[in-house]
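Topology and contacts: notes
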Amino acid sequence: MDRRLFLKYVGSSTAALVAASSGIETITNKASAITANHLMNGQPEGKGKPLTAPFKPIHRTWENDLVLPKGYRYNIIASYGDVINSKGEIFGDSADLTVYFPIDCLEGGNNSEEGLIWVNHEFPEPENYMKILGIDPSTFSKSNLSNYPELLKMEKEAVGGSVIRVKKEKGEWKLVKDDKYNRRVDGNTVITLTGPASGSKAVKGATKVIGTLGNCSGGKTLWNTALSCEENTYYGDDYGWPNFIDEHYGWVVEVDPFNPDAPIRKHTALGRFAHENTAMGLTKDGRVVVYMGDDKRDEFFYKFISKKKYNPNNREENFDILESGTLYVADLGKQRWIPLDYETNADLQNYEKDGKKFFTSQADVLTNAREAGRAVNATPLDRPEDVEIHPHDGTVFLSLTNNSKHGNFHGQIIRFIPADGDHGSDKFTFEVFVAGGRQSGITCPDNLHFDSKGNLWVVEDFHATEDNVYAAYKNCGVFMIPTDGKNYGEPFQFASGPIGCEVTGPWLTPDERTLFLDVQHPETWNPYPGYDFGRSCLVAVQGGSFNK
């Protein structure tokens, strides 16, 4: 990005200044995407291949539908309440992350017309369930939820995640009902804790916990399992769930979609905070790196590096790889990663709160990762949400959604450049890739996804009314942003979601002929499943190529 564009972005939003409050020289000296590519993989500066939209962009709209460019179409695969197996388990609510696994991927295949999908279900919607159960909301209080066992059951069965088999038939994607793989992970599932905090005082001595909740985004491992991120640690308290233990939530959950008998695990080595998602890569020496954001105002950007090296030839050898390693937090002022390791970090050992030592072990540090970040003076950011690794140059893109506390209503996307092109390095530089606001045309960036050409697909997270700060942006949208060439950093709108919803979880099939999306919490509600956008749902979009 040259200085002219940088000043243009600064003029459009305070976001650029917020993100670049330190290290700003990295974005004012012609540090463009092409420069980053040059630093990472030796491409000649200025020779990046132009990336352009393969569709005619649409415009902002209030239309209560999933609006797509001409030539593209969608069909709903599954909605909240659809029965997915003979046990009577249902597709959950508040669909968020989607991860597509080709049905033959364990044999090295890339089947783009049949596979398994893991879908996150972030939160319950009690008001809607009360309509189904005939409960009068005016007489209900969450403090006595235990007196409404049917409602509590619906809430716990609405969250977590679904494994479903999907198949393309006669041009449309369908749920393969009652497939052997179809199953639910929800608020009642027994889940194993792994890593340093398992069994510790920090988690009340637990080695197993009940349920997963707040499952926002996540990711896919190199060994074809799903990582589901618990975005919030306090949701159970919000909804009045009895006997809710905060410390048992806020972790990264690993699920093997191909093995219903494999234990579901929460990996404490990756820290506890409001996890938005994970982005997995490799260090130069073959260890696994996992980048993660903490989705709250003034929280931090993290990465985990495994102790063990990845084995590309033996899937099972990697099943314990996320159980031990080092968690780091980002200091943007010094452009460095700080290890959150109790044994070696004096700041953690000496940190006091209310007149006494706050941490006594690594389990304490991981369970209270936010406090650990403050103890080492990590850089507070504007709701760090989704993070993804560029498929060609290895740079790391982080969406910062917004922070109204200091006037950043529109957010930005930051690009991090690991020193020496190594995700194992403790040094980095960074730049503002796109600042939200009127100049760029996007606002509140959330989930990210790369196509094979390096275009960045971005969805938004905001709620517009006709008289608030987001009025001009109307419904939440989906955008494609080239990361190289003449259209570098220019958003092209691909979709607009129904009124009141977030469009979440973008994921392309390997042939890039289908884009999976979730429509989360649409304003329109229907008590019966199967109606268009009457409930949260999983959608398949087709009609053309998604890159060129």
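Look above for the structure.
I will try to describe carefully the structure that is included in this document. The written sequence of each chain sets the order in which its residues are numbered from 1. Local features in a predicted model are, by the rule used here, given only for residues with pLDDT of at least 70; side-chain atom pairs are given and counted only at 80 or more, and totals for whole chains, interfaces and linings are based on all residues. To obtain the side-chain values, all non-hydrogen atoms of the structure were used and water was disregarded.

Comments concerning the overall build of the protein chain
To keep things clear, this is the line we draw: Only DSSP runs of H or I with at least four residues qualify as helices, and only runs of E with at least two residues qualify as strands; both kinds are numbered from the N terminus onward. Throughout, a contact is declared for two residues whenever any of their heavy atoms are within 4.5 Å. For every accessible area listed, the method is Shrake-Rupley and the probe measures 1.4 Å; residues are considered covered only by the protein chains on display.
A tally of helices and strands in the protein chain yields nine helices and 32 strands. Of the contacts formed within the protein chain by residues at least 6 apart in sequence, a portion of 62% connects residues at least 24 apart. Accessible surface, the protein chain: about 20700 Å² in total, of which carbon and sulfur atoms supply 47%.

Notes on the packing of aromatic side chains
Spelled out, the test is: In this analysis, rings of Phe, Tyr and Trp, with Trp reduced to its six-membered ring, are considered paired at centre separations within 6.5 Å, and the interplanar angle assigns stacked below 30 degrees, edge-to-face beyond 60, and tilted for intermediate values. Type-normalised accessible area, obtained with a 1.4 Å probe on protein chains alone, sets the label of each residue: buried when under 20%, exposed when over 50%, and partly exposed for intermediate values. Charge over a ring is defined by NZ of Lys or CZ of Arg lying within 6 Å of the ring centre and within 35 degrees of the ring normal.
Applying the stated criterion across every chain yields a total of 37 aromatic pairs. When the ring of tyrosine 100 is compared with that of tryptophan 173, the centres are 6.0 Å apart and the planes differ by 85°; the resulting orientation is edge-to-face. On the criterion of sequence distance, the pair formed by tyrosine 100 in strand 2 (residues 95–102) and tryptophan 173 in strand 5 (residues 172–175) is long-range, its members being 73 residues apart. Accessibility assignment for this pair places tyrosine 100 and tryptophan 173 in one class, buried. Measuring from ring centre to ring centre gives 5.5 Å for tyrosine 100 and phenylalanine 516, while their planes differ by 25°; the resulting arrangement is stacked. With tyrosine 100 in strand 2 and phenylalanine 516 in strand 31 (residues 515–520), this pair connects stretches of sequence that are 416 residues apart. By the burial criterion, tyrosine 100 is buried, and phenylalanine 516 matches it. These aromatic residues form a ring-pair network of at least three members: Tyr291, Phe301, Trp337, Phe416, Phe428 and Phe430. Positioned above the aromatic ring of tryptophan 241 is the side chain of lysine 156, whose terminal nitrogen or guanidinium carbon lies 5.2 Å from the ring centre. We note lysine 303 situated over the ring of tyrosine 328; from NZ or CZ to the ring centre the distance is 5.8 Å.

Examining the environment of tyrosine 129
Among the secondary structure elements, tyrosine 129 is positioned in helix 4 (residues 126–133). Tyrosine 129 gets classed as buried once you look at its relative accessible area, which sits at 0%. Taking the C-alpha atoms as reference points, tyrosine 129 and leucine 152, 23 residues apart in sequence, are found 9.7 Å from one another.

Some thoughts on the sheet that holds strand 23 (residues 396–400)
Two modes of strand pairing occur in sheets, parallel and antiparallel, and in both the strands are linked by backbone hydrogen bonds. Selection rule: Strands qualify as paired when DSSP identifies two bridges or more between them. Orientation is described by axes fitted as lines to C-alpha atoms, over the contacting stretch for helices, and by angles from 0 to 180 degrees between their N-to-C directions.
One open sheet holds the four strands; their spatial order is 22-23-24-25, and the pairing between them is antiparallel. Every interior strand has two partners, whereas the edge strands, strand 22 (384–389) and strand 25 (428–435), have only one. Going across the sheet, the axis of each strand differs from the next one's by a mean of 25°, ignoring polarity. Here strand 23 runs beside strand 24 (residues 412–418); their pairing, made up of five bridges, is antiparallel. If you follow valine 396 over to strand 24, its bridge partner there is phenylalanine 416.

Focus on helix 5 (residues 149–158)
Of all the residues in helix 5, the buried ones are Leu151, Leu152, Met154, Glu155, Lys156 and Ala158. In this fold, the buried residues of helix 5 make contact with strand 3 (114–121), helix 4, strand 6 (183–185) and helix 6 (235–239).

Comments concerning the pairing of strand 11 (residues 252–255)
Judged by which residues are buried, strand 11 turns out to be covered on both faces: Val252 and Glu254 on one side and Val253 and Val255 on the other are all buried. Summarising the sheet, strand 10 (residues 226–230) and strand 11 pair through four bridges and their orientation is antiparallel. Residue pairing in the sheet places alanine 226 in a bridge with valine 255 of strand 11. Note: strand 11 against strand 12 (residues 265–267), three bridges, orientation antiparallel. The partner of glutamate 254 across the bridge, within strand 12, is arginine 265.

A word on the side chain of glutamate 388
Here is the rule we go by: This count recognises Lys and Arg as positive and Asp and Glu as negative, with His and chain-terminal groups excluded. Whenever Lys or Arg places a side-chain nitrogen within 4 Å of a carboxyl oxygen from Asp or Glu, that contact is recorded as a salt bridge. Counted as a polar contact is a pair of N or O atoms within 3.5 Å, where, for protein atoms, one must be capable of donating a hydrogen and the other of accepting one, and residues adjacent in sequence contribute only when both atoms are in side chains.
Checked against the element boundaries, glutamate 388 lands in strand 22. No salt bridge is formed by the buried glutamate 388, whose closest oppositely charged neighbour, lysine 220, lies at an N-O distance of 12 Å. At 3.2 Å, the side chain of glutamate 388 and the side chain of asparagine 277 are in polar contact.

Details of the sheet that holds strand 18 (residues 336–339)
Read from one edge of the open sheet, five strands run 13-14-16-17-18, paired in antiparallel fashion. Of all the strands in the sheet, the pair left with one neighbour each is strand 13 (279–282) and strand 18. This sheet shows a mean twist of 30° between the axes of neighbouring strands, independent of strand direction. With four bridges joining them, strand 13 and strand 14 (residues 287–293) adopt antiparallel strand pairing. Bridged to leucine 282 within strand 14 is valine 288.

Describing the state of the cysteines
Inclusion rule: Cysteine sulfur atoms are paired as a disulfide whenever they fall within 2.5 Å.
Enumeration over the complete set of coordinates arrives at zero disulfides. Looking at cysteine 229, it has no disulfide partner, and the nearest cysteine sulfur is the one in cysteine 216, 8.1 Å off. Its relative accessible area of 0% is what places cysteine 229 among the buried residues.

What to know about the pairing of strand 28 (residues 477–481)
Taken across its five residues, strand 28 has five buried, putting it largely inside the fold. Covered by surrounding structure in strand 28 are Gly477, Phe479 and Ile481 together with Val478 and Met480, the residues of both alternating faces. Bridging between strand 27 (residues 456–460) and strand 28 involves four bridges; their strand directions are antiparallel. Following the sheet pairing, tryptophan 457 is matched in strand 28 by methionine 480. As paired strands, strand 28 and strand 29 (residues 492–496) are joined by four bridges and run antiparallel to one another. Bridging from a neighbouring strand, phenylalanine 479 pairs with glutamine 493 of strand 29.

Comments concerning the environment of tyrosine 488
Within the secondary structure layout, tyrosine 488 lies in the loop between strand 28 and strand 29. For the pair formed by tyrosine 488 and phenylalanine 433, sequence separation is 55 residues and the distance between their alpha carbons is 8.9 Å.

Points about the nonpolar core
For clarity, the cut-off: As used here, the term nonpolar core means buried Ala, Val, Leu, Ile, Met, Phe, Trp, Tyr and Cys residues forming a set that is joined through side-chain atoms within 4.5 Å.
Within the largest apolar cluster, 40 residues are counted, with the highest numbers of intra-cluster contacts made by Ile77, Phe101, Ile117, Trp118, Ile164, Phe516 and Leu538. When contributions to this core are tallied by element, the ones reaching two or more residues are strand 1 (73–79), strand 2, strand 3, strand 4 (160–169), strand 5, strand 7 (190–194), strand 11 and strand 32 (537–542). Among the elements that take part in this core, strand 2 stands out by supplying five residues, more than any other. Residues within four places of isoleucine 117 in sequence aside, it is in contact with Thr98, Val99, Tyr100, Ser162, Val163, Ile164, Val166, Phe516 and Leu538. In this structure, Val288, Leu322, Phe359 and Ala375 belong to the second largest nonpolar core, which totals 32 residues.

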